[in-house]
Amino acid sequence: MKYAWFPGCWVAFRMPYIEKSDRLVMKAFGIEIEEMKGVTCCPEAQFMEAVDKRAWLAMAARNISIAESMKLNILTPCPGCYETFKTTMKVLKEDEEMSKMIGEALQKMGVTYKGEVDAIHLAGVLYDKVGLEAIKKAIVRPLHGLRVAVHYGCHLLRPSKYLDFDDPVSPKKLDELVEVTGAISVPYMRKTMCCGGPAGVVNRDVGLKILREKLYWIKKAKVDAIVVACPSCFMQMDGNQPYVEEMFGEKYSIPVIWYTELLNWAMGVDPKELKFYHRVKIDPVLEKLGLL
Amino acid sequence: MSKVISEKIMDKLAEDIKRLVEIYDLEKKAAFCYQCGTCSGSCPVFMVQPEYNPRKMIESLANGTWQSFINSEVAWMCSMCHLCLERCPQRIEVSEILAEVRNILARRGIMPDIIAEKLERVLKTGISAPYSALIDKRRARYGLPSAPKFDAEAAKVIFDIFALNHVLTAKRSREGGEA
């Protein structure tokens, strides 16, 4: 299992602990990666698709062509990058008119796009390639009794006409990846709703109000933590949680945990070794698990 | 530096808009809408900020009165969660259509500052996130290799091909004649 590694800007520049945690898991399951050279921004759909869809697709196609020259599929820990690449691959394959326009642009850049590689998110590799059975065998410290709210985020799932990770409105794979550690994925309202992160980029209050809606239902489910697989959701749900509390005069204090962070704990890695930054303290979670 | 937009650029932007309207064919895409409101009912932004109403925007597109929202930044509030697109019983790809609307807004210089900042960063550095070489020191503390080096030159070529500099010029001209 070897892939072209596209960490994306959030993971590579802002949250290197995610990359460390992901790399530990990849190493444990024999997933090899090779760096992609000469890439640009994936680029982020939220601004680039919205500013110029053609430029968005062209820039993504150029990145994909780099993986093609490596003869490797792209692996990314970021659902945003995953969505950008998968969308580009499908549009260039199926939309003749758009494909022609992008093709002309790529030609001007001297880039050849063949449509020969795929893109996959790390959660997809773990679930579909490594498999739950193999992961289960690697669990040495089951997280029994830990109640978590699994938050998929949007871009692992939607638009489903481009993405193939899981069902767009009732997914299960991330829940299963979490439950294989021994933790319990607790059902809650508005599970597949957006965290508000992207909306908050343009209008901070809107982003915080959406997050409050999520936190309200998650709190009702009486969980020990939220588990995420998207760096932007991580930043929003963990980093902005205190601002929601401030804005509404409410208390949530729900720790947010990266899904491979949880997996690493269950595989025997010392939480301190991962050196994650959590704005909402995770000590109560570690205490419950006897890992403090 | 004067921010008054040259006639040549104005013409080019107008031509681009005409072309985008043609490519995206928004009126036709919205035509099948029967105004059930599933999109707005699914929308996290609408839930907390009802002035952002996808149902109404699709209605305006379908009946050709989209000037009603094309002069404001309201369409930029979309969180791109794509629930509207997944749930539409008429299979109208609401979130994608509204992103195409924003392509047209961008050519008119109507976009939030943060979007223009991200565009400028991609143009200068090849990526939208703020980048500093110091990140490698932090990555080293996590035992990670250097961060990817981004190809700003390639980004610049794509900006030229799609005349994205004009989008930035249009945005600046909206902010008035100040430097």
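These figures come from a predicted structure and were not determined experimentally. (Residues numbered from 1 in each chain as written. Chains lettered and ligands numbered in written order. Predicted model: local features only at pLDDT ≥ 70, side-chain atom pairs only at ≥ 80, totals over all residues.)

Draft legend 1. The overall build of chain B, seen in detail. When its secondary structure is counted, chain B shows 12 helices and 0 strands. Seen in sequence order, chain B has helices and strands lined up from the N terminus as α-α-α-α-α-α-α-α-α-α-α-α. In terms of overall dimensions, chain B has C-alpha extents of about 55 × 45 × 25 Å along its principal axes. Restricting to contacts in chain B with at least 6 residues of sequence separation, those with at least 24 account for 71%. (Helix = DSSP H or I, 4+ residues; strand = E, 2+ residues; numbered from the N terminus. Contact = placed C-beta atoms within 7 Å.)

Draft legend 2. Here's a closer look at the domain arrangement of chain A. All names here are of chain A. On domain assignment, one finds that chain A holds domain 1 (2-122) and domain 2 (139-288). Look at where the C-alpha atoms of domain 1 and domain 2 centre, and you get two points 25 Å apart. Taken residue by residue, the interface counts 21 residues in domain 1 and 24 residues in domain 2. Elements represented by at least two residues in the side of domain 1 that touches domain 2 include exactly α1 (8-14), α2 (16-28) and α5 (79-94). Top contributing element to the side of domain 1 that touches domain 2 by residue count: α2, with 8 residues. Residue composition of the side of domain 1 that touches domain 2, by class: 11 nonpolar, 5 polar and 5 charged. (Domains from an automatic or database assignment. Nonpolar A, V, L, I, M, F, W, Y, C, P; charged D, E, K, R; others polar.)

Draft legend 3. Summary view of unusual backbone geometry. Residue and element names in this part refer to chain A. The step from Cys42 to Pro43 runs through a cis peptide bond, and the omega angle for that step is -15°. Considering the arrangement of structural elements, one finds Pro43 in the loop between β2 (32-35) and α3 (45-51). Cis peptide bonds are those with omega within 30 degrees of zero, and the linkage from Arg158 to Pro159 qualifies with 0°. Tracing the backbone through its elements, the reader meets Pro159 in the loop between β5 (147-151) and α9 (173-179).

Draft legend 4. Representation of the interface of chain B and chain A in the model. Taken together, the 48 residues of chain B in the interface contact 53 residues of chain A. Counting residues per element, the ones that place at least two in the side of chain B that touches chain A are α4 (44-48), α7 (83-87), α8 (94-107), α9 (113-125), α10 (135-141), α11 (152-161) and α12 (164-174) of chain B. For the side of chain B that touches chain A, the class distribution of residues is 34 nonpolar, 7 polar and 7 charged.

Draft legend 5. Expanded view of the confidence of the model for chain B. Across chain B, the average pLDDT comes to 93, with 96% of residues at 70 or higher. Complex prediction metrics read pTM 0.97 and ipTM 0.96. (pLDDT = per-residue confidence, 0-100.)

Draft legend 6. How the structure looks around the sheet that holds strand β6 (residues 184-185) of chain A. All names here are of chain A. As summarised here, the arrangement of the 4 strands in space is β6-β5-β7-β8, forming an open sheet in which the pairing is parallel. Each end of this open sheet is capped by a strand with a single partner; those strands are β6 and β8 (256-258). Where β5 and strand β7 (residues 225-228) come together, 4 bridges link them in parallel fashion. Each residue of the ladder has a partner; that of Val150, found in β7, is Val227. Together, β7 and β8 form the strand contacts of helix α14 (residues 259-266), whose direction differs from that of β8 by roughly 75°. (Pairing = 2+ DSSP bridges. Axes fitted to C-alpha atoms, helices over the stretch in contact; angles between N-to-C directions.)

Draft legend 7. Seen up close, the packing of α2(A) against α14(A). Residue and element names in this part refer to chain A. It is at 9 Å that the axes of α2 and α14 come closest, and there the two elements cross at 50°. By the angle class used here, α2 and α14 are oblique. Note on packing geometry: the crossing formed by α2 with α14 is left-handed. Touching Ser21, Asp22, Leu24 and Val25 of α2 are Thr260, Glu261, Leu263 and Asn264, all from α14. Among the residues making up the contact of α2 with α14, the classes are represented as 3 nonpolar, 3 polar and 2 charged. (Parallel < 35°, antiparallel > 145°, perpendicular 65-115°, else oblique. Left-handed = near helix turned anticlockwise from the far one by under 90°.)

Draft legend 8. Seen up close, the nonpolar core. Residues and elements named next belong to chain A. By size, the foremost hydrophobic cluster in this structure holds 155 residues, and its most contacted members are Val228 and Tyr259. Element by element, the count of residues in this core is highest for helix α4 (residues 53-70), at 10 residues. The two domains that each donate at least three residues to this core are domain 1 (2-122) and domain 2 (139-288). Leaving out residues up to four positions away in the same chain, Tyr259 has contacts with Ala123, Leu174, Leu177, Val178, Val227, Val228 and Ala229. (Core = buried A, V, L, I, M, F, W, Y, C linked by C-beta atoms within 7 Å. Buried ≥ 20, exposed ≤ 12 C-beta atoms within 10 Å, placed from the backbone.)

Draft legend 9. Layout of the sheet that holds strand β4 (residues 119-121) of chain A. Residue and element names in this part refer to chain A. If you walk across this open sheet you meet the 4 strands as β2-β1-β3-β4, and the pairing is parallel. The open sheet has two edge strands, β2 and β4, and neither has a second partner. When the angles between neighbouring strand axes are averaged without regard to direction, this sheet yields 40°. Both strand β1 (residues 2-5) and strand β3 (residues 73-76) contribute to a ladder of 3 bridges, which runs parallel. Directly across from Trp5, in β3, lies its bridge partner Leu75.

Draft legend 10. Molecular detail of the environment of Lys137(A). All names here are of chain A. Mapping Lys137 onto the fold places it in helix α8 (residues 132-138). Of the residues examined, Lys137 has 9 C-beta atoms within 10 Å and is grouped as exposed. The sequence separation of Lys137 and Ile31 amounts to 106 residues, and the corresponding C-alpha distance is 16 Å.

Draft legend 11. Spatial organisation of the environment of Lys129(A). Its location among the elements puts Lys129(A) in helix α7 (residues 122-130). C-alpha separation for the pair Lys129(A) and Asp166(A), spaced 37 residues apart in sequence, amounts to 14 Å.

Draft legend 12. Main features of the pairing of β1(A). In the sheet, β1(A) pairs with β2(A) via 4 bridges, with the strands oriented parallel. What sits directly across from Lys2(A), in β2(A), is Glu32(A).

Draft legend 13. Fine view of helix α5 (residues 54-62) of chain B. For α5(B), every residue scored as buried is listed here: Pro54(B), Met57(B), Ile58(B), Ser60(B), Leu61(B) and Ala62(B). The first or second residue beyond α5(B) is Gly64(B), which carries a positive phi of 70°.

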